[in-house]
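# A look at the structure
Chain by chain, the residues run as shown.
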There are 2 protein chains.
Amino acid sequence: MTSFEALLATRTRHMEASAIREILKVATSPGVVSLAGGLPAEESFPLELMEQLTGSVLSKYGAKALQYDASEGFGPLREALVGHLAARGVYTETGGIVVFSGSQGVLDAIGKILISPGDLIAVEAPTYLGALQAFNPYEPEYVQVETDEDGLVPDALEAVLSAQRVKLVYLVPTFQNPTGRTMPLERRQAVANILRTHGALLVEDDPYSDLRYSGQRLPPIKALAPENVAYVSTLSKTFAPGLRIGFCVAPAVIQHWMVIARQGVDLHTSTFGQALAAEYIGGGYLERQIPRIVELYRPRQQAMLEALARHLPEDFRWTHPEGGMFVWVRGPQGLDAERLYAKTVAKGVAFVPGKFFFVRQEDGLSTLRMNFTAADPETIDRAVGVIGSVIAEELAAAR
Amino acid sequence: MTSFEALLATRTRHMEASAIREILKVATSPGVVSLAGGLPAEESFPLELMEQLTGSVLSKYGAKALQYDASEGFGPLREALVGHLAARGVYTETGGIVVFSGSQGVLDAIGKILISPGDLIAVEAPTYLGALQAFNPYEPEYVQVETDEDGLVPDALEAVLSAQRVKLVYLVPTFQNPTGRTMPLERRQAVANILRTHGALLVEDDPYSDLRYSGQRLPPIKALAPENVAYVSTLSKTFAPGLRIGFCVAPAVIQHWMVIARQGVDLHTSTFGQALAAEYIGGGYLERQIPRIVELYRPRQQAMLEALARHLPEDFRWTHPEGGMFVWVRGPQGLDAERLYAKTVAKGVAFVPGKFFFVRQEDGLSTLRMNFTAADPETIDRAVGVIGSVIAEELAAAR
């Protein structure tokens, strides 16, 4: 039998199965409490609306909702997104919005048209693993830019852009996956200035801003430096991730080429799914759903923070995000979070060892990403309790 | 203002806007009869079933139909496809099927994991343009393999594989887009032997086999050389193209890497769309719909063939496919089909100049791809009449 291993393209050297997928396979086993996934809660989906939305789509569009459609996106959805984006500080018209198959689709198109092998991409440490998976097949190199509890440190970005030729900057400035961190306004303004000074391009990935439990909405960096930012967002956390609806507002040249790229990838995003999204947004349902989602998640985040305080030793630290889906935990120097994971999952509790979110994994050996959206408060407390007891056992064994 | 043109990746040199998209933009203008698109007829969609299918999905799966799902595909759809594929000569089990976002999604994944820059891909002349658009970003070279009225000439493939190092072969063996040609059984067997002898990989793209108006179903080459073929098909022509549902049955190593690749591209295909497809196939509706589609298209193809005989001069030739969506016309030496297009579209009739389907466009200057699915018989005759009259005018002007 022929082994086709020898046919693999050279770029596959930079591609690997997602370590997180492997964790998630275990995490979704029966009997395992998963604080590992990035799943929105099923209770957050507008399930009871679906029959009505489908009926609207079929009566408004009929067979057109089943037909091939434009690569730029379904017209009524692009129109509905104009107001959606304006409310969030991104001002554009219908023609400035392109719909993709999830944020992932946006990131793949960006990588395909901008990253030549060897190009340098500036990222936070840690950063969203899915972005690395989108970019890696295009064979970039990465430079990690210093972050702290307020996210990216602007001076560090300035230093990187001055010292090295960087193709693009990739940031998740609000309720970042995995840390939950948010860049305050002054830092966003500083980054906007840096981008303009260097003529640099920022890919601003903004999936979670609507999941805000306290504090005030902040302008995206796109609002502060519109011509230097490709702004990326999604309906995965405020409508339904299974529909795969993402979108991008980017400078014209970049948009032009992204559309060419995506033609070769999937022709266009599901017409039917886009039509459902157009009805959901256009009918005002999204804006009504967001407070419900916030009310669902706020107590879960609260439970997570209380559980961490209750069950983890003194020398553990964690973020206190104002929104999003994750809390980021850092243990003391020497903690091996992956070893800890192996022990907790044997006791039925999963989280994601944070090292997988670092371009340089050794920078994150003692970190953990904890999701709170997919479990109720009691379960969260119990699960964090298990993690705490395993840690205590390890400490006792070490003495 | 920064121009980001300078940031474009080197691979974009090999990417271009689809010439056919530009034609289609014109072709879909009001008042233009389009024989240009590759659109299935809207009347072929099971529109009246959609409310019921949606209801089934929501009641069977509820929120799961809206949630993130496995990269390999939605379980019930993979299961339903086992029987669907077996009826078509492709024998595999659930785990051997991966669902993608259209055939396009399959072709992009294949290109990403197999094509290193400079690799040689063997294709028919002409071939499906969408495949070239999927592969081009990965920077292959192409070798055109000789074809005739029965499709690929096996001896010519043998010669190519013996003389050159070819990474993969790409064929559309049944009712090919754009020519409508079909490889007979003996040629399929010959190609199967050639693949085995050379340890070569064939990507067999099979979107149209169910659209058969006469003659007998043929086994796919996948049935004859299963270990040397990545078999690709879709529900775009027998359910709904707007749902973006394609699938692949490939050797294990290739499937493994395709799944890794697609994670970075779109995570997974729309859960909701896949669930609809599972209901459509599992409920027996697809098999009931196919004869209706055939009855809709057969008279349209007949009308096209009769119109060509009625309106085109003696020195034009065309294919007589037993199925599919297209008829391929070749004019006399010296005909410039693109110039002809400019004149016919000015009179409200569009087709696709066939050169765009050739890797070496100069091989197809006198060819035309004519679609018959998207117009009724009277319209087809009228439109072909316009083309014929423009040709006659050109001939008269030339004297």
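Keep in mind that what you see is a predicted model, and the values were worked out from it rather than measured.

## Observations concerning the relation of the copies chain B and chain A
Between chain B and chain A, the superposition needs a rotation of 180° and an axial shift of 0.0 Å, giving an RMSD of 0.0 Å. Classification of the inter-copy transformation places it as that of a two-fold axis. In this assembly the copies share their binding face: 100% of the residues contributing to the interface of chain B also contribute to that of chain A.

## Thoughts on the interface of chain B and chain A
Across the contact, 80 residues belong to chain B and 80 residues belong to chain A. Here chain B and chain A share an interface that buries about 6900 Å² over both sides, 62% of which is from carbon and sulfur atoms. It is B:Phe4, B:Leu66 and B:Tyr68 in chain B that bury the most area against chain A; as a group they hold 11% of the surface buried on that side. Counting across the chain B and chain A interface gives 4 salt bridges. Residues A:Lys112 and B:Asp108 are paired through a salt bridge, measuring 2.8 Å at the closest nitrogen-oxygen approach. Counting residues per element, the ones that place at least two in the side of chain B that touches chain A are helix 1 (19-27), helix 2 (50-61), helix 4 (102-114), helix 5 (129-135), helix 9 (252-266) and helix 10 (271-282) of chain B.

## Some remarks on the sheet that holds strand 10 (residues 246-249) of chain B
All names here are of chain B. With respect to topology, 7 strands assemble into an open sheet ordered 2-10-9-8-7-3-4, the strand pairing being mixed. The open sheet is flanked by strand 2 (98-100) and strand 4 (141-145), the only strands paired with a single partner. For this sheet, the mean angle separating the axes of adjacent strands, direction not counted, is 25°. The sheet contacts of helix 9 involve strand 2 and strand 10, and relative to strand 2 the element is tilted by about 35°.

## Quick notes on the sheet that holds strand 15 (residues 367-371) of chain B
Residues and elements named next belong to chain B. Reading across the sheet, the 4 strands line up as 11-12-15-14 and stay open at both edges, with antiparallel pairing between neighbours. The open sheet has two free edges, formed respectively by strand 11 (317-318) and strand 14 (352-353), since each of these has just one partner strand. As defined by bridge partners, strand 12 (residues 326-330) adjoins strand 15 across 5 bridges and the pair is classed as antiparallel. Bridging across to strand 15, Arg330 finds its partner in Thr367. Packing of helix 11 (residues 285-311) onto the sheet brings it into contact with strand 11, strand 12 and strand 15, and relative to strand 12 it is tilted by some 20°.

## Digging into the pairing of strand 12 of chain B
Residue and element names in this part refer to chain B. Here strand 12 lies mainly inside the structure; 4 of its 5 residues are buried. Where strand 11 and strand 12 come together, 2 bridges link them in antiparallel fashion. What sits directly across from Trp318, in strand 12, is Val329.

## Description of helix 9 of chain B
Residue and element names in this part refer to chain B. An ideal rise of 1.5 Å per residue puts 21 Å on 15 residues; helix 9 measures up with 21 Å between its terminal C-alpha atoms. Burial analysis of helix 9 places 12 of its 15 residues in the buried class, the great majority of the element. Where helix 9 is concerned, the buried positions are Ile254, Gln255, Trp257, Met258, Val259, Ile260, Ala261, Arg262, Gln263, Gly264, Val265 and Asp266. A positive phi of about 65° marks Leu267, the residue just after helix 9.

About the cut-offs
- Residues numbered from 1 in each chain as written.
- Chains lettered and ligands numbered in written order.
- Predicted model: local features only at pLDDT ≥ 70, side-chain atom pairs only at ≥ 80, totals over all residues.
- Heavy atoms only, no water.
- Least-squares fit on C-alpha atoms with pLDDT ≥ 70 in both.
- Contact = heavy atoms within 4.5 Å.
- Buried area = accessible area lost by both parts, 1.4 Å probe.
- Salt bridge = Lys/Arg side-chain N within 4 Å of Asp/Glu carboxyl O.
- Helix = DSSP H or I, 4+ residues; strand = E, 2+ residues; numbered from the N terminus.
- Pairing = 2+ DSSP bridges.
- Axes fitted to C-alpha atoms, helices over the stretch in contact; angles between N-to-C directions.
- Buried < 20%, exposed > 50% of the residue type's maximum accessible area, 1.4 Å probe, protein only.
- Expected span 1.5 Å × (residues − 1).

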